[in-house]
Amino acid sequence: MGTAIDASNKVQNGSSLVEKKLKVVFVLGGPGSGKGTQCANIVEHFGYTHLSAGDLLRAEIKSGSENGTMIQNMIKEGKIVPSEVTIKLLQRAMQENNNDKFLIDGFPRNEENRAAFESVTGIEPEFVLFVDCSAEEMERRLLSRNQGREDDNIDTIRKRFKVYMESSLPVIEYYNSKGKVRKIDAGKPIGEVFEAVKAVFTSPNDKVEQCNASQKVKRSKLGLFARKENSGKCLLCCFWMKCGSS
Ligand SMILES: Nc1ncnc2c1ncn2[C@@H]1O[C@H](COP(=O)(O)OP(=O)(O)OP(=O)(O)O)[C@@H](O)[C@H]1O
Ligand SMILES: Nc1ccn([C@@H]2O[C@H](COP(=O)(O)O)[C@@H](O)[C@H]2O)c(=O)n1
Ligand SMILES: [Mg+2]
């Protein structure tokens, strides 16, 4: 069992006292885009350990922790829990696992998550798997998920979409500007999506196609959230409507 992860991104292996550098892939995308579904496949094929920030927070509620009520209220409102809480849970989960390859699903969700994780752990992701899906399809999937999640109702789903647009997409933009985003089209059937995921994990150094290739693109202030003139469609993601500003 590991003992500590610090800002050097090294974990000391308790049994052998060998320090190892952890490899992390962030799996990001909208609510219901299929992050958890694809992570399960990646674990099976590529030997990563899957850590879902949302699952860790839900487990913390169930454990009766002093933060439980606060976390539960935040999740019901689709809000982002303070970084220190989520990062502690992620750190603990990594320390309790002997693997050195982790898929971190649903984190970082905002700039505060991103910066705090980097400064506390010293970990920079190998790359970011961006699971991209239209809002209409995500809404359909969430409303038929049937896993008893308190946030899978239409009111909370709308709030989660808003938070995703306003706080999470800019994090994906940040990593895209560093050439770290690998985008997959998650609007297809699960098996087809996984074929695209496999290609990413087989050659992770290939850069994602940048979204400014079209001549008809008008770049927004944010740079990445370019749109086709008159169409209103964001070319980075499948969201129609406001994505950044123009
Ligand atoms: N490609 C797909 N086609 C159809 N349904 C899918 C696909 N991928 C996932 N689903 C289904 O959609 C629902 C949401 O998937 P999943 O839980 O993997 O999403 P998620 O991105 O982890 O969502 P959240 O952010 O809410 O945790 C599940 O019921 C899952 O079975
Ligand atoms: N970094 C995160 C991740 C999640 N949350 C909260 O949990 C909810 C569910 O997350 P899923 O990834 O399982 O969809 C999410 O809506 C947030 O309320 C968080 O605060 N920080
Ligand atoms: Mg999930």
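Residues numbered from 1 in each chain as written. Chains lettered and ligands numbered in written order. Predicted model: local features only at pLDDT ≥ 70, side-chain atom pairs only at ≥ 80, totals over all residues. Heavy atoms only, no water.

For the protein chain, the name recorded in an unreviewed UniProt entry is UMP-CMP kinase, with Ilex paraguariensis as its organism. What UniProt states about the protein chain under its Subunit (unreviewed entry) heading is, verbatim, "Monomer." Quoted verbatim from the Sequence similarities (unreviewed entry) field of the UniProt record, the comment on the protein chain reads "Belongs to the adenylate kinase family. UMP-CMP kinase subfamily." (UniProt positions renumbered as here; feature names shortened; annotations may be inferred.)

Participant: Quick question: what am I supposed to make of the UniProt feature "binding site: ATP" (unreviewed entry) in the protein chain here?
Facilitator: Taken from the UniProt record, the annotation "binding site: ATP" (unreviewed entry) applies to G32, S33, G34, K35, G36, T37, R145 and K188. Restricting the annotated residues to those that line the largest cavity leaves K35. When near neighbours in sequence (up to four residues on either side) are disregarded, S33 contacts V131, C133, M138, R141 and A186. In terms of polar contacts, S33 uses its side chain to reach the backbone carbonyl oxygen of G30, at 2.8 Å. By secondary structure assignment, the location of G36 is in helix α1 (residues 35-46). Discounting residues that sit within four places of it in the chain, G36 has contacts with H50 and D105. (1 Å grid on protein atoms, 1.4 Å probe; cavity = no way out; pocket = protein on both sides within 12 Å on 5 of 7 lines; lining within 4 Å. Contact = heavy atoms within 4.5 Å. Polar contact = N/O pair within 3.5 Å; in protein donor to acceptor, adjacent residues only side chain to side chain. Helix = DSSP H or I, 4+ residues; strand = E, 2+ residues; numbered from the N terminus.)

Participant: What exactly am I supposed to notice about unusual backbone geometry here?
Facilitator: Most of the time, phi is negative for any residue but glycine, and the peptide bond is trans. Omega for the peptide link from F107 to P108 comes to 0 degrees, which places this bond in the cis form. You can see P108 is positioned in the loop between β6 (101-105) and α5 (111-121). Positioned with a positive phi, N146 is a non-glycine residue whose angle comes to about 60 degrees. Structurally, N146 is set in the loop between α6 (135-143) and α7 (154-177). A relative accessible area of 74% means that N146 is categorised as exposed. (Buried < 20%, exposed > 50% of the residue type's maximum accessible area, 1.4 Å probe, protein only.)

Participant: When you look at the site of ligand 2 in this model, what are you seeing that I'm missing?
Facilitator: The local shell around ligand 2 holds 16 residues, among which R58, K79, V81, G106 and R149 are the closest. Interatomic distance of 2.9 Å between a side-chain N/O atom of R58 and an oxygen atom of ligand 2. K79 has a polar backbone atom sitting 2.6 Å from an oxygen atom of ligand 2. The fraction of the free accessible surface of ligand 2 (460 Å²) that becomes covered by protein chains is 96%. Assessed atom by atom at 2 Å from the grid points, ligand 2 resides in the largest pocket. Where the shell around ligand 2 is concerned, the elements lending two or more residues are α2 (53-62) and α3 (68-76). Element by element, the count of residues in the shell around ligand 2 is highest for α2, at four residues. Its residues placed into classes, the shell around ligand 2 shows seven nonpolar, three polar and six charged. (Near = heavy atom within 4 Å. Areas by Shrake-Rupley, 256 points an atom, 1.4 Å probe, with all protein chains shown as cover. Sits in = over half its atoms within 2 Å of the grid points. Nonpolar A, V, L, I, M, F, W, Y, C, P; charged D, E, K, R; others polar.)

Participant: Explain the sheet that holds strand β5 (residues 49-52) to me, please; I cannot follow it from the model alone.
Facilitator: Pairing between the strands of a sheet comes from backbone hydrogen bonds, and it takes one of two forms, parallel or antiparallel. Read across the open sheet, the five strands follow the order β5-β6-β4-β7-β8; overall the sheet is parallel. In this open sheet, the two edge strands, each paired with only one partner strand, are β5 and β8 (181-185). Pairs of neighbouring strands in the sheet enclose a mean axial angle of 25 degrees, with direction left out of account. For strand β4 (residues 23-29) and strand β7 (residues 127-132), the ladder comprises five bridges, and the chain directions are parallel. Bridging across to β7, L28 finds its partner in F130. Against the sheet, helix α8 (residues 190-202) contacts β4, β6, β7 and β8, and its axis sits at roughly 160 degrees relative to β8. (Pairing = 2+ DSSP bridges. Axes fitted to C-alpha atoms, helices over the stretch in contact; angles between N-to-C directions.)

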